[in-house]
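Descriptive structure summary
Each chain, letter by letter, is given below.
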Amino acid sequence: MKKNTGGSNYIPGFYGKKRRSPGVLVDNYCREWEKRQLEVKKKKPNLEMPPTICFSRKIGVGALEVADILAAQINYRVFDREILEHMASNAKVSEKTVAFFDELYPGKINELGAFLFGEKSFVKSDYAKHLFKTVLSFAYLEPSIFVGRGTHLILPIDRILAVRFIGGREHRIHRLAKILKITKQQADQKLSSIDKEQKDFFKKIHGKKDASPYEFDMVINFDYITKPQWAADIVEKAFYAKFGKEVKGS
């Protein structure tokens, strides 16, 4: 759900950088894909998903900032929580993206969706199905970095680098208080509310209480890796190590 970033409201992932609204960004992406459609159709579509990066994080550690730095270094697109929320909550926009993907790869989205919904038999809501199909579509359409929403649990594990960002509560409170210009006590209360929302989301959508470290290729602790640039460089090195020439030539 979108919230105002002014005052004491906080959008998970926000770190002070001015970003265009999710609606504007998604419209731009759709126009770009439509322009490429004719060119792509002339070629034989590659049915394999390009190597993808999925960030999972404790709210407030700074994962989106790392994603933006890394995206500029490896020429990838960032799809953050707000964009994914916008797509999953807007059936028409989600269906348009899925339809474009399905035109390039007939039947593929249904095949992937059937597998996912079979594996996750608890998934019943339209929101969850739109989210899963949107993430799959984005991942196949272009090289992507996903931030949040448990995307590492949706995409094929052999085609992703899954990274978990963590940090002590004191670090997260300090960072939130600085961004929002509020007291540490206010930030502590705000963080408790956001953490509960994230926990409820994972239970409802993914059937999990929390993110196990065993789900990830690597875990980075911002109590020790204190600079976003350091984290971006570490992830980049791991990404190239895992996927080699497949991404080094991109």
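One can find the structure itself at the top, above this paragraph.
Residues numbered from 1 in each chain as written. Predicted model: local features only at pLDDT ≥ 70, side-chain atom pairs only at ≥ 80, totals over all residues. Heavy atoms only, no water.

Concerning the packing of helix H2 (residues 63-74) against helix H9 (residues 228-243)
Condition: Angles run from 0 to 180 degrees between N-to-C directions of axes, and those axes are lines fitted to C-alpha atoms, restricted for helices to the stretch in contact. Secondary structure elements follow DSSP: runs of H or I no shorter than four residues count as helices, runs of E no shorter than two count as strands, and numbering proceeds from the N terminus. When an angle is under 35 degrees it counts as roughly parallel; over 145 it counts as roughly antiparallel; between 65 and 115 it counts as roughly perpendicular; any other value is oblique. Crossings are classed by handedness, with left-handed meaning an anticlockwise turn of the near helix from the far one by less than a right angle and right-handed meaning a clockwise turn. By definition in these notes, contact holds between two residues if any of their heavy atoms fall within 4.5 Å.
The N-to-C vectors of H2 and H9 enclose an angle of 50°; their axes lie 9 Å apart at closest approach. Relative to H9, the element H2 is oriented oblique. Here H2 runs over H9; the crossing is right-handed. Facing Glu 65, Val 66, Ile 69, Leu 70, Gln 73 and Ile 74 of H2, the residues of H9 in contact are Pro 228, Gln 229, Ala 231, Ala 232, Asp 233, Val 235, Glu 236, Phe 239 and Tyr 240.

Focus: the pattern of salt bridges
The test is simple: The term salt bridge refers to a pairing of a side-chain nitrogen on Lys or Arg with a carboxyl oxygen on Asp or Glu at a separation within 4 Å. Note on exposure labels: buried denotes an accessible area under 20% of the residue type's maximum, exposed denotes more than 50%, and partly exposed covers the range between, all computed with a 1.4 Å probe on protein chains only.
For the structure shown, the criterion picks out 12 salt bridges. A salt bridge links Arg 164 to Asp 210; the nearest nitrogen and oxygen atoms lie 3.8 Å apart. Within this pair, whereas Arg 164 is found in strand S4 (residues 160-166), its partner Asp 210 is found in the loop between helix H8 (184-206) and strand S5 (218-221), the two being separated by 46 residues in sequence. Arg 164 sits in the buried class, given a relative accessible area of 6%. Looking at Asp 210, the relative accessible area reads 47%, which means it is partly exposed.

Details of the packing of aromatic side chains
For the record, the criterion: Geometry of aromatic contacts follows a simple scheme: Phe, Tyr and Trp rings, the Trp one being its six-membered ring, pair when their centres are within 6.5 Å, and the pair is stacked under 30 degrees between planes, edge-to-face over 60, tilted otherwise.
Summed over the entire model, instances satisfying the criterion amount to eight aromatic pairs. Ring centres of Phe 79 and Phe 146 lie 5.6 Å apart, and the angle between their planes is 25°; this geometry places the pair in the stacked category. Taken together, the residues Phe 79 in strand S2 (residues 77-79) and Phe 146 in strand S3 (residues 144-147) connect sequence positions 67 residues apart. Residue class for Phe 79 comes out buried when judged on its relative accessible area of 0%. Since its relative accessible area comes to 0%, Phe 146 is described here as buried.

Some thoughts on the layout of surface pockets
In plain terms, the rule: Method remark: on a 1 Å grid restricted to protein atoms, a set of points is classed as a cavity if a 1.4 Å probe fits but cannot get out and as a pocket if it is open with protein on both sides within 12 Å along at least five of seven lines; lining residues have an atom within 4 Å of a point. Grid points are joined across faces, edges and corners, and a volume is the space filled by probe spheres set on the points. The classification used treats Ala, Val, Leu, Ile, Met, Phe, Trp, Tyr, Cys and Pro as nonpolar, Asp, Glu, Lys and Arg as charged, and all other residues, Gly among them, as polar.
One number sums up the size of the second largest pocket: a volume of about 300 Å³. Every residue lining the second largest pocket is counted, 12 residues in all, and those nearest its centre are Glu 65, His 171, Arg 175, Lys 178 and Pro 228. The biggest single contributor to the lining of the second largest pocket is helix H7 (residues 169-180), with five residues. In terms of residue class, the lining of the second largest pocket is made up of five nonpolar, four polar and three charged.

Details of the packing of helix H6 (residues 126-141) against H8
Taken N-terminus to C-terminus, the directions of H6 and H8 make an angle of 85°; their axes are 10 Å apart at the nearest point. On the basis of their axis angle, the class for H6 and H8 is roughly perpendicular. Here H6 contributes Tyr 127, Ala 128, Leu 131 and Phe 132 to the contact with H8, which in turn contributes Phe 201, Ile 205 and His 206. Its residues placed into classes, the contact of H6 with H8 shows six nonpolar, one polar and no charged.

Quick word on the pairing of S3
Stated precisely, the cut-off is as follows: Pairing between strands is defined by DSSP: at least two bridges between the two strands are required.
Burial along S3 is two-sided: the face carrying Ser 144 and Phe 146 and the face carrying Ile 145 and Val 147 are both buried. As judged from the three bridges shared by strand S1 (residues 52-57) and S3, these two strands associate in the parallel manner. Bridging from a neighbouring strand, Phe 55 pairs with Val 147 of S3. Where S2 and S3 come together, three bridges link them in parallel fashion.

Thoughts on helix H3 (residues 81-89)
The following threshold applies: Throughout this description, a polar contact denotes any pair of N or O atoms lying within 3.5 Å of each other; where both atoms belong to protein, one of them has to be capable of donating a hydrogen while the other can accept it, and for residues adjacent in sequence the pair is counted only when both atoms sit in side chains.
Of the positions making up H3, those classed as buried are Arg 81, Ile 83, Leu 84, Glu 85, Met 87 and Ala 88. The backbone nitrogen of Glu 82 lies 3.1 Å from a side-chain oxygen of the residue at the head of H3, namely Asp 80.

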